[in-house]
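So you can see what is in the structure, the chains are spelled out below.
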Amino acid sequence: KRLILIGPPGSGKGTQSPIIKDEYCLCHLATGDMLRAAVAAKTPLGIKAKEAMDKGELVSDDLVVGIIDEALKKPSCQKGFILDGFPRTVVQAEKLDVMLQSRGTKVDKVLNFAIDDAILEERITGRWIHPASGRSYHTKFAPPKAPGIDDVTGEPLIQRKDDTAAVLKSRLEAFHRQTEPVIDYYAKKGNVVNLPAEKPPQAVTAEVKKVLS
Ligand code: ADP
Ligand code: ADP
Ligand code: ADP
């Protein structure tokens, strides 16, 4: 399966991805995770991306298209993939189409995590993540067994620097202005499925499995 996950920050893309990935043996490519790793390692890519990310703006199309083009070559992505957080602009979607055409494949389904903006601030400000694995927790909705500690590795959890109410505002503006048109782009091709992303995680998972079965 070749899947795209689209939804605003905090809509649950990162929470559902590992479950879908394991169920269908897909690779999980999250541009946000890849960019944060590059920022932390201070690579040339990270240095270019950091300013936009800190402000809650999108990084340039060329940078993220380059990352995805490279990542799709991995052996683990040949059976199928989940793109989480990409494409986020119509230009990225068009470039992805060209990339996949040249590989003789195409996108199967676009999962649209539909949710009201009002719910997202509480989700985002309560989010804690384990950077090495990308696992996310929530102080209220999905607390770790010990506060601030990853259940699996025992390593510390962190809060993302951009997970504040103020930066969320810019991220939501970017979503509505630049990413919602991507949903229309795929809707015209007829492969968008809307998910009830405001429901509890298990209910969203059940819906995803129904859609993909
Ligand atoms: P979210 O939790 O908001 O969905 P991500 O982890 O996907 O956030 O992205 C974090 C930041 O990384 C974004 O605010 C943006 O600056 C940058 N980013 C991630 N993916 C893309 C993309 N496809 N195009 C442009 N910028 C991106
Ligand atoms: P995204 O990757 O779309 O930015 P996440 O999956 O990281 O979103 O979810 C954001 C926060 O909300 C996390 O702290 C996560 O534990 C929590 N969360 C995810 N899905 C749900 C849900 N269905 N109901 C309540 N909280 C959720
Ligand atoms: P600084 O801005 O202090 O130089 P970094 O460049 O190390 O911080 O990282 C930027 C932000 O991204 C930090 O808030 C950090 O918590 C977060 N971060 C770093 N690496 C990751 C990762 N792999 N996954 C998620 N978040 C990360």
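Summarised in this report is the structure supplied together with it. Keep in mind that what you see is a predicted model, and the values were worked out from it rather than measured.

Cut-offs and rules
- Residues numbered from 1 in each chain as written.
- Chains lettered and ligands numbered in written order.
- Predicted model: local features only at pLDDT ≥ 70, side-chain atom pairs only at ≥ 80, totals over all residues.
- Heavy atoms only, no water.
- Helix = DSSP H or I, 4+ residues; strand = E, 2+ residues; numbered from the N terminus.
- Near = heavy atom within 4 Å.
- Areas by Shrake-Rupley, 256 points an atom, 1.4 Å probe, with all protein chains shown as cover.
- Nonpolar A, V, L, I, M, F, W, Y, C, P; charged D, E, K, R; others polar.

Overview of unusual backbone geometry
The omega torsion of the bond from Phe86 to Pro87 falls at -5°, within 30 degrees of zero and hence cis. Turning to its location among the elements, Pro87 is positioned in the loop between strand S3 (81-84) and helix H5 (90-102). At Cys25, a residue that is not glycine, the phi angle is positive and equals roughly 55°. Backbone geometry places Lys42, a non-glycine residue, at a positive phi of 50°. Residue position: Lys42 is located in the loop between helix H2 (31-40) and helix H3 (44-55).

A closer look at the site of ligand 1
Among the 18 residues in the neighbourhood of ligand 1, the closest are listed as Thr31, Arg36, Glu57, Gly85 and Arg171. Protein contacts shield 96% of the accessible area of ligand 1, which totals 550 Å² for the unbound molecule. By residue number, the principal contributor to the shell around ligand 1 is H2, which donates four residues. Classifying every residue of the shell around ligand 1 by side-chain character gives seven nonpolar, four polar and seven charged.

On their own, these measurements won't tell you what the molecule is for.
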